[in-house]
Amino acid sequence: MNIVKVMAMTVAAGGFALPGAVAAEEIHVIATGALQGAMKTLKPAYEKKTGNTLVIAWGPSFGTSPESIPERIRAREPMDVTIGTEETLDAVARSGVFDPASRKAVALSQIGIAVPKGRPHPDVTTVAAVRQALLSAGKVAYSQGASGVYIRATLLPRLGIADQVAAKTVVAEGKELVGTLLARGEADIGMQQVSELKVTPGVDYLGPLPADIQKVSRFAGMVAKDSRHAAAARGFLAYLASKEARPLIEASGLEPIAAPKSR
């Protein structure tokens, strides 16, 4: 069997026209920490499928820490693709670093609530219950990322408790997770993306914010214009949006992007 047929069969078996299925490539990714849990299974599955290697640097979608996605991009950190919230991608797209045609939606995420493992579980099923739980807690944690921006600027003012909570806030800086602060006993209750709270040891996840005060973040990826592995990077984003990746994304606490309805 000639090499052309072998290559064609390899690509067909993978279900994607991924260059990595023929020649292995190293893809550098800058990604939101909300995907860390999902990548524990997605990364090895993708690498096994394609032969490519993913090198992932984690950081919050917003903020001024050197680890945040905007600051990494501003510092021209080498990368082939970045994955963050739609708002983050809107902001970094103006840098001219990315190919706008490569933008692809990856997953959805809700904000959840957790406490240190073994602590009493307050009711968080209603807006009033969440308000009371936050007021009763000694320390409240949230992040510098997309969820933290919403909590600080929108949720707490809407609940009418911004001033009370500000005095007892603990912020997870850089790529540190809110769950890590809870596990260390530095906060009594914390809020962050569900997918981040679910993967942190030492945490009891209570559930998502009630629908009336929930914010669903939409995560997407873009490929850098100067990427030496642009085709493989696009293939990686296609894999994340694929039917094969859906159960792995769901198991991590994220929600897959709905497949377009056939006409």
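Here the structure is a predicted model, which means the values were calculated and not measured.

Rules used in this analysis
Every chain's residues receive numbers from 1 upward, in the order its sequence appears when written. Only residues with pLDDT of at least 70 get local features here, since the model is predicted, and only at 80 or more are side-chain atom pairs given and counted; chain-wide, interface and lining totals rely on the full set of residues. Hydrogens and water are ignored here; the side-chain numbers use all heavy atoms of the structure. In DSSP terms, a helix is any run of H or I states spanning at least four residues, a strand is any run of E spanning at least two, and both are numbered starting from the N terminus. With a 1.4 Å probe rolled over the protein chains alone, any residue whose accessible area is under 20% of its type maximum counts as buried; one over 50% counts as exposed, and the rest are partly exposed. Note on pairing: two strands pair once DSSP finds at least 2 bridges between them.

A. Fine view of the environment of Gly96. Its place among the elements puts Gly96 in the loop between helix H4 (86-93) and strand E4 (98-109). In this structure the C-alpha to C-alpha distance between Gly96 and Lys225, which are 129 residues apart in sequence, comes to 8.2 Å.

B. Here's a closer look at the environment of Ile83. Here Ile83 is to be found in strand E3 (residues 81-85). Spatially, the C-alpha atom of Ile83 lies 6.4 Å from that of Ile30, the residues being 53 residues apart in sequence.

C. The arrangement of the pairing of E3 in detail. Of all five residues making up E3, five are buried, and the element is well covered by its neighbours. In this structure, strand E1 (residues 26-32) lies alongside E3, joined through three bridges in parallel fashion. Residue pairing across strands places Val29 opposite Val81, the latter belonging to E3. Relative to strand E10 (residues 217-224), E3 runs antiparallel, the two sharing five bridges.

That is the geometry; function is a separate question.
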